[in-house]
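Structural characterization, general
Here's the letter readout for the chains.
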Amino acid sequence: ITFYNFLVTVKLIILNFLSLNREGYFIFSSATGILLFIGLALLLFNRYLTIRKINNNLASAYAQIEKKNAEITDSINYAKRIQEAILPSEDDLRKFFPQSFMLFKPKDIVSGDFLWCSHKNNKFYIAAADCTGHGIPGAFMAMIGNTLLNEIVNEKNIDQPDLILKMLNDGV
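Worth saying up front: this structure is predicted, and the values here are computed from it rather than measured.

1. Some points on the pattern of salt bridges
- Enumeration over the complete set of coordinates arrives at six salt bridges.
- Of the charged contacts in the structure, one is a salt bridge between E71 and K68, with a shortest N-O distance of 3.8 Å. Of this pair, E71 and K68 are both found in helix α2 (residues 22-86), three residues apart, which corresponds to roughly one turn of the helix.
- The partly exposed category is assigned to E71, whose relative accessible area is 39%.

As structure tokens, then:
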């Protein structure tokens, strides 16, 4: 029964009431009360079913979001492993700087900060860089910076700091 049909029924009952005598008043009042109670119960039950459906949809959406979040976090953690792989090892640094250490604590899982070093022609090159951005964008910039420094110093044999920085800036 729809709510509209319920109201039509109540209207017909009211019209019949107007034509009742005193004996029918009690029956009419009781019937009207029961019908109102049933109508309210139907309305509340319909509301309950609607809310239950919405809650089920929300639970499903939440599960999908949790799954996607886990996939994204796994992917970012893998990117962290890649980023850590391009960092020089502390052993490499200690070969030239015995009292040195390296501290790498990114704000997010991955970072735009990186340390780069190279040894070529009896010269040791080291850079501690902070690329613009945090998280994934910063990590991409750090990868680009690392690649460019390797290309500039190790492949193009540029050893003048001002030219290295200019070429790095041009490359980014």
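2. A word on the confidence of the model for the protein
- Overall, the predicted model of the protein reaches an average pLDDT of 85, with 90% of residues at or above 70.
- Taken element by element, the protein is modelled with least confidence in helix α1 (residues 3-18), mean pLDDT 72, and with most confidence in helix α5 (residues 161-171), mean pLDDT 92.

3. A closer look at the packing of aromatic side chains
- Here the structure, examined in full by the defined rule, presents three aromatic pairs.
- Pairing F96 with F124 gives two aromatic rings, centres 4.4 Å apart and planes at 35°, and the pair type is tilted. Highlighted residues: F96 in helix α3 (residues 90-96) and F124 in strand β2 (residues 123-130), separated in sequence by 28 residues.
- The exposure class of F124 is partly exposed, given its relative accessible area of 22%.
- On the numbers, 5.3 Å between centres and 70° between planes, the contact of F97 with F124 is edge-to-face. Remark: F124 occurs in strand β2 and F97 occurs in the loop between α3 and β1 (113-120); sequence separation between them is 27 residues.
- Taken together through their ring pairs, the aromatic side chains of F96, F97 and F124 make up a single cluster.

Parameters at a glance
- Residues numbered from 1 in each chain as written.
- Predicted model: local features only at pLDDT ≥ 70, side-chain atom pairs only at ≥ 80, totals over all residues.
- Heavy atoms only, no water.
- Salt bridge = Lys/Arg side-chain N within 4 Å of Asp/Glu carboxyl O.
- Helix = DSSP H or I, 4+ residues; strand = E, 2+ residues; numbered from the N terminus.
- Buried < 20%, exposed > 50% of the residue type's maximum accessible area, 1.4 Å probe, protein only.
- pLDDT = per-residue confidence, 0-100.
- Phe/Tyr/Trp six-rings, centres within 6.5 Å; stacked < 30°, edge-to-face > 60°.

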